[in-house]
Every structure is written in structure tokens, then in C-alpha cells.
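Close look at the chain arrangement
One-letter residues, chain by chain:
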Amino acid sequence: MSQSAHARSFAPPADTGGRRNLVGLSRTEMEAEIAGLGEPAFRARQLWHWIYHRGATDFAAMTTLSKDFRARLADTHVLWRPQVATAQQSQDGTRKWLLRLPDGQEVESVHIPEEDRGTLCVSSQVGCTLTCRFCHTGTQRLVRNLSAAEIVGQVMLARDALEEWPSPAEGRQLTNLVMMGMGEPLYNLDNVVKALKIVMDPEGLSISKRKITLSTSGVVPMMARCGEELGVNLAVSLHAVTDNLRNELVPINRKYPLADLLTACRAYPGVHNARRITFEYVMLDGVNDSPADAHALVRLLRDIPAKVNLIPFNPWPGTAYACSTPAAMDTFAAILMEAHLASPIRQPRGQDIMAACGQLKSASQRLPRTARSVDTLAALEKEKPLPADTAEEGL
Ligand code: SAH
Ligand code: SF4
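A few points on the structure. (Residues numbered from 1 in each chain as written. Chains lettered and ligands numbered in written order. Predicted model: local features only at pLDDT ≥ 70, side-chain atom pairs only at ≥ 80, totals over all residues.)

**Describing the site of ligand 1**
What counts is decided by this rule: Here is the check we use: build the C-beta atom from the backbone, and if it is within 6 Å of the molecule or strand, call the residue near. Working definition: helices are DSSP H or I runs of at least four residues, strands are E runs of at least two. Numbering for both runs from the N terminus. Here the term charged refers only to Asp, Glu, Lys and Arg, the term nonpolar to Ala, Val, Leu, Ile, Met, Phe, Trp, Tyr, Cys and Pro, and the term polar to all other amino acids, Gly among them.
Neighbouring ligand 1 are 16 residues; Cys135, Ser237, Glu280, Cys357 and Gly358 lie closest to it. Within the residue set of the shell around ligand 1, elements represented by two or more residues are strand E10 (212-216) and strand E12 (277-283). Class assignment for the residues of the shell around ligand 1 results in eight nonpolar, six polar and two charged.

Written out as C-alpha cells, the structure reads:
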């Protein structure tokens, strides 16, 4: 399926009829929306500030706007963000939210606190069409793409939970963002671009592109656009050094083999030694973790400004894989280090609540096309509580 056909088939429900959501609109769209209410452009800037800097969820709180305008806004618009279906906290402080979307679908976001920063792992799709063999999300069929509001809403929801409104300039608990949750972000690039431009806007959520990393399984034709339009850091899920093995582990490799993927990496806009591409490599016992694999990896990345992130495999119920032994991981890392390839072993976080890389999965099921085009806000208004068994299923 072409990228545009994919985007059409898995589009989020259209936001038609009823009150319209202001969250997720670009600045230009916000201005047009406000102009439609007969108000000048500076009102859109005020709204932007209230929504993305102050985190307002209610027009009534927007005290710099006239009472009359606030009342009119409340009649015609809403400030929607995802609803928390369940919230969990790991022993290591990692927090995971299962979020409910207006049409009843669900996605997960994870906040990982560290000493000097806090990273939010954001989802781009409900499920994933790409069936990487070691990934729990890959066992859940793709239901649909997330809208820009649903992507930016995950960041706002985290700010709510961390009590970080107004967006603090210093001492934030949410400093970094990784597009590494459920889904393949480059299969939903239009909405990801729209959402991240809002996230990066200095007068709002204000997370700089240097603190944002987008991870892709290797959707080669979309990589340049990601660099040109967003300029964020790129992470590539490599996981194997031969086409044979990568075809099996990361099936998109059959479409975009290693040679094409590495050519796209070399050409990634803005890539240089100070701004390297991260190659993610999941450590699978007896599958891709031999010293010979490590040497082949060094050769493969020889002429690319690269660093390697070794990810201990995170198990999930029913998987056929096991994580490499600590000794195998150390040997592998040492070979890369000897070749001056920075290669930290990623410390698994939130494993006890199934929040670590590749463990996310929500209970959503594929809906028929007709049900997917429901009016999100109409659905929102008659939102009903989730049945108890759907909230935890699959976790
Ligand atoms: N779809 C994108 C981003 C989400 S996955 C991608 O594939 O890049 C984020 C990272 O977690 C990817 O590198 C992915 O390969 C890795 N991953 C998936 N399942 C995993 C697991 N069970 N253990 C460790 N890492 C995993
Ligand atoms: Fe999808 Fe990424 Fe999981 Fe592969 S690793 S199935 S691309 S979420």
C-alpha cells in the first residue's frame, strides 16, 4: 500500500459536527478558527498561550479573554485531551498511562524519570501494521493512526500528571520526548509533524527539536521528510546486520533492505558527527548477539555518524525470544567501543508494569470502517466507562 493510501485507510476519526476541538490545530488553523468567530488574530495567540503554556482545560479559566468570548467559545469548541483509563507506577518511578481516545480506542504513553531529565515515550498509532517478531505492539493489529490532537494530547496529559503547568523553563520533569511508543511514526508522518510542531513551539510546550527523537523501523521514503520538516534526532531500529536476518526480525526490510536504509541514513538532513543517528539494536539471545555480529555492525556503520543503543530484549507473554546474557552484551558492547562506536546498553525501565521498550500493547480491536469514521466529539460526549476487563487486557 502506498504511504498516502495507508494514511487514508487508517485515518483517525474525522472531527466533524458538534463542538470542534482546538487542541491539535496548527497556529494558522487556530487563527482561521478564531477569525470564523469574528475575532482578531491576537486572540488566537492568547488562546495558544492558555492551552499550551498554562494547560487550561476550561475556557472559563482564560481570564485575559472577555467573558462573552469565553462563553461563545464554550458553545462552539472544546479543549480535548486523552482520558486516563489506567495509570501505573513502576518501582523505579516510571509511569505508564493507558489512554482512552474519543472512539474508545486506547494507546499507552510512558514517562521515564532520570536524575538530570525526564523522557516521555509517545505513541503514534493504535497498534502497528509492522510485525517485528520481538515486539509486543506488533502482535496487535493496527487499528488506526492517531490524530495530531491525540499525539500532542499525550504530552499535555503528562504535564497534567506531573503538575508542570505553566510550562516551566527550568527544573522540568518532562524535558525529552521520544516517538518510541506504539506504532510506526513515519507511517503517520502528517499528524506526527503537525503535533511535534506544536510541541516544539517556544510559546507553548516548548520542547526543542534537540530533545526529541523519532524512532523508525526503516520507512526509507519518509526519512528525508522527517529531517527536513522536523529536524529532530533520528533513531533507526536496526537489530540485524544481514538482510536475511533483518527480513525475519523486522519484516519491512523486505521492502527497504539494509543498503537502501543506510543510504537514507547517510543522507538524513543535518546529520554530522555532533548530531549522530542512533541505531537501536535489541539483544536477542543466540539470534543477533555474537562477536561476529558486532564486528559486522562496526563495518556496516563505518561511514555514518552513528551511535548504537543496545537494548536488552524485554520479554512479553508468548514471545519466542530471550534476552542475551549479560556476558554476551558486554562482549558485544566492548567490540563496538573498541571501534569508537558509542554503545551504551539501555537500562530497562518500568519492566514490572510492562512499560519498557516493545512491551506496550492496548486492548483495542480493529473496528469496521464505518465505526472508524465516528465523530470523535459526539463519541466523547456520550463517553461511557470502560468494561473492567478491557482496561488491563494484554498488559
Ligand atoms: N515503531 C518504531 C518505534 C517504536 S518501537 C520502531 O520500531 O522504531 C521502539 C524501539 O523498541 C524500537 O527500536 C523497537 O525495535 C524496540 N523494541 C520493540 N520490541 C522490543 C522488545 N521486546 N524489547 C526491547 N526492545 C524492543
Ligand atoms: Fe511496529 Fe516498531 Fe513494534 Fe516494529 S518494533 S512492530 S515497527 S512498533
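**Things to note about the environment of Ser343**
How we decide: Note on contacts: each residue gets a C-beta atom placed from the backbone, and two residues are in contact if those atoms are within 7 Å.
Structurally, Ser343 is set in the loop between helix H11 (326-338) and helix H12 (369-372). Put simply, Ser343 and Ala306 are 37 residues apart on the chain and 9.6 Å apart in space, counted from C-alpha to C-alpha. Every residue in contact with Ser343, bar those within four places of it in the chain, is listed here: Lys307, Val308, Leu310, Ala333, Leu336 and Met337.

**Section: the nonpolar core**
The condition is simple: Defined on buried residues, the nonpolar core groups Ala, Val, Leu, Ile, Met, Phe, Trp, Tyr and Cys residues joined through C-beta atoms within 7 Å. Burial in this document is a count-based property: other C-beta atoms within 10 Å of a residue's C-beta are tallied, and the residue is buried at 20 or more, exposed at 12 or fewer, or partly exposed in between, with C-beta positions derived from the backbone. Per the annotation, domain bounds derive from an automatic or database assignment of domains.
With 102 residues, the main nonpolar core has Val152, Val155 and Val199 as its most contacted residues. Considering each element in turn, this core owes the most residues, eight residues, to helix H5 (residues 148-161). Taken together, domain 1 (17-80) and domain 2 (83-353) each give at least three residues to this core, which thus spans both. Filtering out sequence-adjacent residues up to four positions away, Val199 remains in contact with Val152, Val155, Leu177, Leu205 and Ile207.

**Some thoughts on the site of ligand 2**
Around ligand 2, a shell composed of Cys128, Leu130, Thr131, Cys132, Cys135, Thr137, Gly138, Gly183, Glu184, Ser217 and Ser237 is seen. The residue makeup of the shell around ligand 2, split by class, is four nonpolar, six polar and one charged.

**With respect to helix H9 (residues 258-266)**
Defined as follows: Directions drawn from the helix axis to the C-beta atoms are what define this arc.
Of all the residues in H9, the buried ones are Leu261, Leu262, Ala264 and Cys265. Taken down its axis, H9 places every buried residue within 155° of arc, on the same side. Counted as exposed and oriented over 90 degrees from the buried face of H9: Ala259 and Arg266. Along its buried surface, H9 packs onto helix H7 (220-229), strand E11 (233-237), E12 and helix H10 (291-300).

**Thoughts on the packing of H5 against helix H6 (residues 189-200)**
Let me state the cut-off plainly: An axis is simply a line fitted to the C-alpha atoms; with a helix, the fit covers only the stretch in contact. Between two such axes, the angle follows the N-to-C directions and lies from 0 to 180 degrees. Handedness of a helix crossing follows the sense of rotation of the near helix relative to the far helix, less than a right angle counterclockwise being left-handed and clockwise being right-handed.
The interhelical angle for the contact between H5 and H6, taken along N-to-C directions, is 40°, at an axis separation of 8 Å. Along this stretch, H5 crosses H6, giving a crossing that reads as right-handed. Between H5 and H6, the residues in contact are Ala148, Ile151, Val152 and Val155 and Asn191, Val192, Lys194, Ala195, Ile198 and Val199, respectively.

**Focus on the environment of Thr64**
On the secondary structure map, Thr64 appears in the loop between helix H3 (41-53) and helix H4 (67-76). Each C-alpha atom, one on Thr64 and one on Arg43, is 9.5 Å from the other, the two residues being 21 residues apart in sequence.

**A closer look at unusual backbone geometry**
The omega torsion across Trp165 and Pro166 is -10°, close enough to zero to call that bond cis. Tracing the backbone shows Pro166 in the loop between H5 and strand E9 (176-179). A positive phi is found at His239, a non-glycine position, where the angle reads about 70°. Residue His239 is classed as buried on the basis of its 25 C-beta neighbours within 10 Å.

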